[in-house]
Amino acid sequence: MTNDELLKLLGTILKQLREDKDISQERLAQLSGVHRNYIGRMERGEQNASIIIWYRVCESLGKSLSDLGRMLRK
């Protein structure tokens, strides 16, 4: 898997997790302390976010980085 493919897959997973919680990008941004535009770029696979950002976003969604890793392997 290329880096671009991985970023797109992570973005797809992030969007699905957010939609499953029925929250907007703006609300997720508020919960995680990340700008709404940054969340959008992550979901589109355009942003290579740091592990710290991923941790904050996952935590805001009630998930762990381990959960995210398991989702990547499916």
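Below is a short write-up of the structure. Bear in mind the structure is a predicted one, so any value in this text is a computation, not a measurement.

## A few points about a nonpolar patch on the surface
On the surface, I51, I52, Y55 and L65 cluster together into a nonpolar patch covering about 400 Å² of accessible area. On the secondary structure map, L65 appears in helix α5 (residues 65-73).

## Section: the nonpolar core
Membership of the largest hydrophobic core comes to 18 residues, with the highest contact counts inside it found for M42, W54 and V57. Secondary-structure elements contributing two or more residues to this core are α1 (3-20), α2 (25-32), α3 (36-43) and α4 (51-60). Discounting residues that sit within four places of it in the chain, W54 has contacts with L10, L14, M42, A49, L65 and L68.

## Thoughts on the packing of α1 against α5
It is the contact of α1 with α5, at a shortest axis distance of 11 Å, that shows an interaxial angle of 115°. The two elements α1 and α5 cross, and the hand of that crossing is right-handed. Only L68, M71 and L72 of α5 make contact with α1, whose side of the interface consists of L6, L9, L10, I13 and L17. Residue composition of the contact of α1 with α5, grouped by class: eight nonpolar, no polar and no charged.

## Some details on the layout of surface pockets
Here the largest pocket is characterised by a volume of approximately 190 Å³. For the lining of the largest pocket, the secondary-structure elements that each account for two or more residues are α1, α4 and α5. Residue composition of the lining of the largest pocket, by class: nine nonpolar, three polar and no charged.

The rules behind each value
All residue numbers refer to position in the chain's written sequence, counted from 1. Thresholds applied to this predicted model are a pLDDT of at least 70 for local features of residues and 80 or more for the giving and counting of side-chain atom pairs; totals over whole chains, interfaces and linings are not thresholded and use all residues. To get the side-chain values, take all heavy atoms of the structure and skip hydrogens and water. Within the patch definition used here, like charges are joined within 9 Å and nonpolar side chains (Val, Leu, Ile, Met, Phe, Trp, Tyr) within 5 Å, considering only residues with over 30% relative accessible area and no salt bridge. The protein chains shown are the only cover counted for residues, whose accessible areas, like all others here, come from Shrake-Rupley with a 1.4 Å probe. Salt bridge criterion: a side-chain nitrogen from Lys or Arg within 4 Å of a carboxyl oxygen from Asp or Glu. Secondary structure is summarised from DSSP: a helix means a run of H or I of at least four residues, a strand means a run of E of at least two, and numbering begins at the N terminus for each. Only buried residues count toward a nonpolar core. Its members are Ala, Val, Leu, Ile, Met, Phe, Trp, Tyr and Cys residues joined through side-chain atoms within 4.5 Å. Only protein chains enter the calculation, and the probe is 1.4 Å; a residue is then buried if its accessible area is under 20% of its type maximum, exposed if over 50%, and partly exposed in between. Here, residues are in contact when the closest pair of their heavy atoms is within 4.5 Å. Between N-to-C directions, angles span 0 to 180 degrees; the directions come from axes that are lines fitted to C-alpha atoms, helices contributing only their stretch in contact. Crossings are classed by handedness, with left-handed meaning an anticlockwise turn of the near helix from the far one by less than a right angle and right-handed meaning a clockwise turn. Here the term charged refers only to Asp, Glu, Lys and Arg, the term nonpolar to Ala, Val, Leu, Ile, Met, Phe, Trp, Tyr, Cys and Pro, and the term polar to all other amino acids, Gly among them. Cavity means a closed set of points on a 1 Å grid over the protein atoms alone, one where a 1.4 Å probe fits but cannot get out, pocket means an open set with protein on both sides within 12 Å along at least 5 of 7 lines, and lining means a residue has an atom within 4 Å of a point. Grid points are joined across faces, edges and corners, and a volume is the space filled by probe spheres set on the points.

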